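# Secondary and tertiary structure notes
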Amino acid sequence: MQQSQIVYQFIDITLHPPSAKQLHDWFNQAGLSLKNWFNTSGVQYRELKIKNRLPQLTPAETFNLLASNGRLIKRPIVSNSTTISNGTKVSVGFKAIEFNQTWC
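Presented here is an overview of the structure given in this document.

What counts, and where the lines are drawn
Residues numbered from 1 in each chain as written. Predicted model: local features only at pLDDT ≥ 70, side-chain atom pairs only at ≥ 80, totals over all residues. Heavy atoms only, no water. Helix = DSSP H or I, 4+ residues; strand = E, 2+ residues; numbered from the N terminus. Rg over C-alpha atoms; globule rule 2.2 N^0.38 Å. Buried < 20%, exposed > 50% of the residue type's maximum accessible area, 1.4 Å probe, protein only. Contact = heavy atoms within 4.5 Å. Areas by Shrake-Rupley, 256 points an atom, 1.4 Å probe, with all protein chains shown as cover. Lys, Arg positive; Asp, Glu negative; His and termini not counted. Charge placed at Lys NZ, Arg CZ, Asp CG, Glu CD. Polar contact = N/O pair within 3.5 Å; in protein donor to acceptor, adjacent residues only side chain to side chain.

Here the focus is the overall build of the chain. Scanning the chain for helices and strands turns up five helices and two strands. Along its sequence from the N terminus, the chain presents helices and strands in the succession α-α-α-α-β-β-α. A compact globule built from 104 residues should have a C-alpha radius of gyration of about 13 Å, and the chain, at 14 Å, falls within 12% of that. Along the first, second and third principal axes, the C-alpha atoms of the chain reach 40 × 25 × 25 Å. The buried share among the 104 residues of the chain stands at 34%. Here the contacts in the chain between residues at least 6 apart in sequence split such that 56% fall between residues at least 24 apart. In the structure as shown, the chain presents an accessible area of about 6,900 Å², 52% of it carried by carbon and sulfur atoms. Across the chain, the mean location of the 11 positive side-chain charges is 6 Å away from that of the 5 negative side-chain charges.

Set out below in structure tokens:
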């Protein structure tokens, strides 16, 4: 994003995870499944056996779980908003081609 001279605000969500409400708002904008919000290659995901737990969790429980541990969240989360819930686009994770098509 620096190469494209796009102004952005970096928030380390491993230290300052978004709230369950913020995650819910982003979820509604992104159009992804709940599983896509998890860092499935992360140590926390494996240690907490999230793969086995996820099918039994309600959406509210899922957002609360993600909000409780920023290391569970797939990164980066990018939104075109100056506030958490008023953007029109949200992407989760990084795939160069898709990221560039959406944001550059």
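Looking now at helix 4 (residues 59–68). Buried residues of helix 4: Thr 62, Phe 63, Leu 65, Leu 66 and Ala 67, and no others. Its buried side turned inward, helix 4 meets helix 1 (20–30) and helix 3 (50–53).

As a further point, take the side chain of Asn 69. Among the structural elements, Asn 69 can be located in the loop between helix 4 and strand 1 (77–79). Engagement of the side chain of Asn 69 in a polar contact is seen with the backbone nitrogen of Arg 71, the distance being 3.0 Å. Contacts of Asn 69, omitting those with residues within four sequence positions, involve Gln 44 and Leu 48.

None of this, on its own, says anything about what the molecule does.
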